[in-house]
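# Chain and residue survey
The residues making up each chain are set out below.
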Amino acid sequence: MLYVSFTHSQKQEALHQALFDAFKYFGGSPKELVVDNMITAVTERTGSLVRFNDNFLEFLLPYGIKPVACNIRSPYEKGKIERSIHYIRHNFLPLKEFSNLQELKSLAMGWLNTIANTRTHSTTGEIPVKRLQKDRLKKLPDLVPDYREINALYVHKDFAVRFDSNTYIVPVWAIGKTAVLKADQEKVSVYYKTRCIAVHTRSWEKKQRIELEIHKAQLHKLKKRRFADKNVLAFLSLGQTALDYLNELEKRGSPLKKDVTQIMTLKDEYGDNSIIIALNKALDLKLYGADYIQNILYQEMKPKTCHPPVKLKKDTLNEIRLCTPNLAEYDALILKKRKKP
């Protein structure tokens with residue numbers, strides 16, 4: 001039975017994802033996996049001594065698969081694979097037209113399901129899909145690792161992260177933050193903390209700027225409203241809640257920069273979390289303006305600022321430091337007094 005996967009990449013993650021997709025297609029994982037001596041599977045070899053790639057072994061571990069490496073210059077050990085490649089090249093690829101990787105994958109899957117695995121095999125005389133004994137395969141674990149490429153990336157002032165020689169745009173409020181980008185062969189997803197903030201179709205070209213219409217609209221507003229002000233950008237770094245509140249302020253014709261400057265002053269006093277909570281509550285109650293935010297904070301929060309001690313005129317007095325008393329000594333003294341008749 002055949003499975004084929006097409007990819008632009010030869011990275012470790014691409015191999016792992018393709019193998020996992022094959023396991024899903026077959027309905028389970030095998031006991032052994034025969035591999036060629038590619039660097040993503042075998043890092044060193046001396047005769048029959050094989051050192052497998054650490055990442056490859058880590059991938060196989062949850063499935064309990066034993067890797068087996070073909071001997072060098074021994075094509076007969078992978079004869080069936082070579083023959084399968086010949087079959088695919090001469091029976092699937094001719095006269096096929098496609099414009100991208102996704103179309104090619106879709107064509108390949110249709111060919112596997114309707115022709116390659118449902119034909120009567122010339123050697124065995126059986127239909128491959130019926131010949132496969134799924135009960136001999138091991139069940140896939142319920143929880144499997146994420147096999148996508150994962151990178152922690154800084155969000156630049158152009159509202160984008162740099163990945164694979166391209167830039168992928170994210171919401172304006174993410175500027176200055178570190179986002180996590182996860183990429184497979186088709187999509188690029190960008191996360192901030194546990195939240196997905198952007199999903200793009202992966203581009204295999206170079207030096208491209210990949211944008212979403214919603215983010216382009218935000219960028220247009222940003223330029224139109226002159227959001228380049230330092231306080232406004234710092235305010236936006238609080239996240240989506242800050243952006244929503246900013247939009248509401250503008251709709252109502254509020255003095256934008258004045259309100260934002262006041263709110264940022266409150267942020268210094270109360271902290272980021274308190275400001276975000278206050279903004280959410282103000283949005284729920286439809287209260288827009290720095291004074292409302294100040295009111296909410298005053299009623300429900302406590303400033304995080306720790307006021308320094310009073311400074312005395314004599315510097316020597318300011319330098320006095322008292323040791324923290326050991327309360328156990330006082331306890332011992334009280335117990336000693338109690339024992340006296």
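Residues numbered from 1 in each chain as written. Predicted model: local features only at pLDDT ≥ 70, side-chain atom pairs only at ≥ 80, totals over all residues. Heavy atoms only, no water.

## Re the pattern of salt bridges
Any two side chains of opposite charge can pair if their charged atoms end up close together. In plain terms, the rule: Put simply, a salt bridge is a Lys or Arg side-chain nitrogen that is within 4 Å of an Asp or Glu carboxyl oxygen. Numbering of helices and strands runs from the N terminus; a helix is a DSSP stretch of H or I covering at least four residues, while a strand is a stretch of E covering at least two.
This model, assessed by the stated rule, comprises 14 salt bridges. One salt bridge in this structure joins E186 and K105, with 3.7 Å as the shortest N-O distance. One end of the pair, E186, is in the loop between strand 8 (178–183) and strand 9 (187–192); the other, K105, is in helix 4 (residues 101–116), with 81 residues separating them in the sequence. One salt bridge connects R209 with D158, and the closest N-O pair in it is separated by 3.4 Å.

## Description of the nonpolar core
The cut-off we apply is this: Take the buried residues of types Ala, Val, Leu, Ile, Met, Phe, Trp, Tyr and Cys, join any two whose side-chain atoms come within 4.5 Å, and each joined set is a nonpolar core. Under the scheme applied here, a residue whose accessible area is under 20% of the maximum for its type counts as buried, over 50% as exposed, and between as partly exposed, the area being computed with a 1.4 Å probe on protein chains only. For this analysis, residues touch if any pair of their heavy atoms sits within 4.5 Å.
In this structure, V190, F235, Y245 and I293 are the most contacted members of the largest nonpolar core, which totals 44 residues. Top contributing element to this core by residue count: helix 9 (residues 256–270), with six residues. With near-sequence residues (within four places) excluded, Y245 lies in contact with F235, I263, L279, A282, L283, L287, Y288, G289 and I293. L19, F52, F59 and L140 belong to the second largest nonpolar core, which has 17 residues in total.

## Topic: unusual backbone geometry
Even without a glycine there, the phi angle at D164 is positive, about 55 degrees. Along the chain, D164 turns up in the loop between strand 6 (160–163) and strand 7 (166–169). The phi dihedral of K286 is positive, around 60 degrees, even though this residue is not glycine. Locating K286 in the fold gives a position in the loop between helix 10 (272–285) and helix 11 (290–300).

## Thoughts on helix 11
Note the cut-off: Taking the helix axis as origin, the arc is that swept by the directions to the C-beta atoms.
Listing the buried residues of helix 11 in full gives A290, I293, I296 and L297. Projected onto a plane normal to the axis of helix 11, the buried residues spread over an arc of 125 degrees and lie on a single side. Turned more than 90 degrees away from the buried face of helix 11, the exposed residues are D291, Y298 and Q299.

## Observations regarding the sheet that holds strand 7
Going by this rule: Two strands make a pair as long as DSSP finds a minimum of two bridges between them.
As summarised here, the arrangement of the three strands in space is 6-7-11, forming an open sheet in which the pairing is mixed. Every other strand in the sheet has two partners, leaving strand 6 and strand 11 (209–210) as the edge strands with one partner each. Across four bridges, strand 6 lies against strand 7 in antiparallel orientation. Its bridge partner lying in strand 7, V161 is registered against Y168.

## Focus: the side chain of E248
Assignment of secondary structure puts E248 in helix 8 (residues 240–251). The buried category is assigned to E248, whose relative accessible area is 17%. Dropping the residues within four chain positions of it, E248 is found in contact with L283 and Y288.

## Details of the side chain of D259
As a reminder, the rule being used: Within this scheme the basic residues Lys and Arg register as positive and the acidic residues Asp and Glu register as negative, but His and the chain ends are omitted.
By secondary structure assignment, the location of D259 is in helix 9. One buried charged residue, D259, forms no salt bridge at all, with the nearest opposite charge on K258 at 6.8 Å. The contacts of D259, once residues within four sequence positions are left out, are L249, S254, G289 and A290.

## Some remarks on a nonpolar patch on the surface
To keep it simple, the criterion reads: Within this analysis, patches are made of residues with over 30% relative accessible area and no salt bridge. Like charges are joined at 9 Å or less; nonpolar side chains (Val, Leu, Ile, Met, Phe, Trp, Tyr) at 5 Å or less. What sets the accessible areas is the Shrake-Rupley method with a 1.4 Å probe; for residues, cover comes only from the shown protein chains.
Taken together, V310, L312 and L317 make up a surface patch of nonpolar side chains, about 300 Å² in accessible area. If you trace the backbone, L312 turns up in the loop between helix 11 and helix 12 (315–318). On the accessibility criterion, L312 (45% relative accessible area) is partly exposed.

## A look at the packing of helix 9 against helix 11
As a reminder, the rule being used: Structural elements are reduced to axes, namely lines fitted to C-alpha atoms, with helices fitted over the stretch in contact, and the angle between N-to-C directions of any two is expressed from 0 to 180 degrees. Here the word oblique covers every angle except those under 35 degrees (roughly parallel), over 145 (roughly antiparallel) and from 65 to 115 (roughly perpendicular). Handedness of each helix crossing follows the sense of rotation of the near helix against the far helix: counterclockwise by less than a right angle gives left-handed, clockwise gives right-handed. Residue classes follow a fixed rule: Ala, Val, Leu, Ile, Met, Phe, Trp, Tyr, Cys and Pro count as nonpolar, while Asp, Glu, Lys and Arg count as charged, and any other residue, Gly among them, counts as polar.
Running from N to C, helix 9 and helix 11 cross one another at 20 degrees; their axes reach a closest spacing of 9 Å. Taken together, helix 9 and helix 11 sit at an angle that is classed as roughly parallel. Once helix 9 is placed against helix 11, the crossing between them reads as left-handed. Every residue of helix 11 that contacts helix 9 at D259, Q262, I263, L266 and Y270 is listed here: A290, D291, I293, Q294, L297 and Y298. Within the contact of helix 9 with helix 11, the residues separate by chemical class into seven nonpolar, two polar and two charged.

Geometry only, nothing functional implied.
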